[in-house]
Each structure stands twice: as C-alpha cells, then as structure tokens.
Amino acid sequence: VKGSAEKHLPSLAQAAASLAQLRAAGTTQATQQRVAVYLRSQARLHNSRVLSALAERVAADPFAKVKRMIKDLIVRLMEEANEEAEHKGWCDTELSTNEQTRKEKTEVVETLHAEIDQLEASIAKLTEEITELTKAVAELDAAMAEATELRQEEKSKNGETIKDSQDAQTAVAHALTVLKEFY
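Residues numbered from 1 in each chain as written. Predicted model: local features only at pLDDT ≥ 70, side-chain atom pairs only at ≥ 80, totals over all residues. Heavy atoms only, no water.

Details of the overall build of the chain
Part 1: Counting secondary structure elements, the chain contains four helices and zero strands.
Part 2: Helices and strands in the chain line up, N terminus first, as α-α-α-α.
Part 3: Across the 183 residues in the chain, those meeting the buried criterion constitute 8%.
Part 4: Put simply, 43% of the contacts in the chain that link residues at least 6 apart link residues at least 24 apart.
Part 5: Roughly 15,700 Å² of accessible area belongs to the chain as shown, and the carbon and sulfur atoms make up 60% of that amount. (Helix = DSSP H or I, 4+ residues; strand = E, 2+ residues; numbered from the N terminus. Buried < 20%, exposed > 50% of the residue type's maximum accessible area, 1.4 Å probe, protein only. Contact = heavy atoms within 4.5 Å. Areas by Shrake-Rupley, 256 points an atom, 1.4 Å probe, with all protein chains shown as cover.)

Laid out in structure tokens, this is it:
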C-alpha cells in the first residue's frame, strides 16, 4: 500500500476531477450511486482505504447537509415571506384605514371651513345692516328732536295765539257789553 500511492493517486485525482465535473454538470442520485459502486470496487481491487473512504463519502452524498441547510433556509425564508406578507397586509389595512379616516377628517374640516366662511359672511352682512340701522336710528332721533323742537316752538306760538284769542274774546265781550249798555 505504501509504494502504490504514486501509482494510484494521479488516477484518483483524475477521478476526483471527473467527479467534480459530473457534480457540476448536475448529476443525479443514480450517477452518484454508480460512482460509489465503482469506487468501492476499485478500493477492493487495490485494497485502498482511501478509495473506500471516498466511496463512503460519495455514497453518503456530501451535499446532503448543504441540501438540508438549503431546504431549511428555504423553509425559513418562506416563513419570513409569510410573516412579511401578513405584516404587509396589516400595514395595508392600517394605511387604508388611516387614509379613510384622513379623508373623513378632511371632509369635516372642509365643511367646517365652509361653515366658518358662511358665518363670517353673515356676520359681515349683519354688521353692515347694524351700521345702516344705527345710522337710520340716529337720523330718526335727529328728525324726532327737530320735530320736537318745532312742536315746542309751535306750542309756544299756539299758546300765545290762544292767549291772544282769549284776550281778544274778552275784549270783544267787553266791547259788546259796552255797546249793549250804550245802545
């Protein structure tokens, strides 16, 4: 066994290279099993522990652990994708709810702004009417004061006229008496 290493190692390196090429070319399980059988037969033929160990490794599928890890990774990624999808669904629901609430609140704000504008216009109109009515009341008060002043003047004039009439009646009555006594 000691002296046959130089003899068998180059062919083993070639077999390893061809095995790598086969695996890279996408070998199937059957090809892998055929290689394992070939390596076992060569190991028995040459009484080589190295070939026997290599046959066991090839049969054991050295990529099984990698495949298992990839499958586990795929499962974990699928679970994360599902969690992300659920979270995205929740986020979408929250966003649509928030958008609907925002629309409702915006409508309420717009309605209130419209009402405020309407009430401000009403206040401006009523303020203008109050100003006009205050002016009219002031004009009426001035006209009433003027009319009252005229009435007071007319009353005093009328009072004088009444007194003059009474004095004239008294004078006429006195003159009639004098005339009746004379005639």
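Brief notes about the confidence of the model for the chain
A low pLDDT means the predicted coordinates there should not be read in detail.
Part 1: Scored by pLDDT, the chain comes out at a mean of 85, with 84% of its residues at no less than 70.
Part 2: Mean pLDDT values over the elements of the chain span from 53, in helix α1 (residues 5-24), up to 94, in helix α4 (residues 64-182). (pLDDT = per-residue confidence, 0-100.)

Description of the nonpolar core
Part 1: Formed by Val35, Ala36, Leu39, Ala43, Leu51, Ala55 and Val58, the largest nonpolar core amounts to seven residues.
Part 2: Looking at this core, the elements that each hand over two or more residues are α2 (29-46) and α3 (49-59).
Part 3: It is α2 that provides the largest number of residues to this core, a total of four residues. (Core = buried A, V, L, I, M, F, W, Y, C linked by side-chain atoms within 4.5 Å.)

What to know about a negative patch on the surface
Part 1: Taken together, the side chains of Glu79, Glu83, Glu84 and Glu86 make up a negatively charged region of the molecular surface.
Part 2: With respect to the helices, strands and loops of the structure, Glu83 is situated in helix α4.
Part 3: For Glu83, a relative accessible area of 53% gives the class exposed. (Patch = residues over 30% accessible without salt bridge, like charges linked within 9 Å, V, L, I, M, F, W, Y side chains within 5 Å. Salt bridge = Lys/Arg side-chain N within 4 Å of Asp/Glu carboxyl O. Lys, Arg positive; Asp, Glu negative; His and termini not counted. Charge placed at Lys NZ, Arg CZ, Asp CG, Glu CD.)

As for α3
Part 1: Every buried residue of α3 is listed here: Leu51, Ala55 and Val58. Viewed along the axis of α3, the buried residues span an arc of 65°, placing them on a single side of the element. Looking at α3, the residues exposed on the side facing more than 90 degrees away from the buried face are Arg49, Val50 and Arg57.
Part 2: The backbone nitrogen of Val50 lies 3.4 Å from a side-chain oxygen of the residue at the head of α3, namely Ser48. (Arc of directions from axis to C-beta. Polar contact = N/O pair within 3.5 Å; in protein donor to acceptor, adjacent residues only side chain to side chain.)

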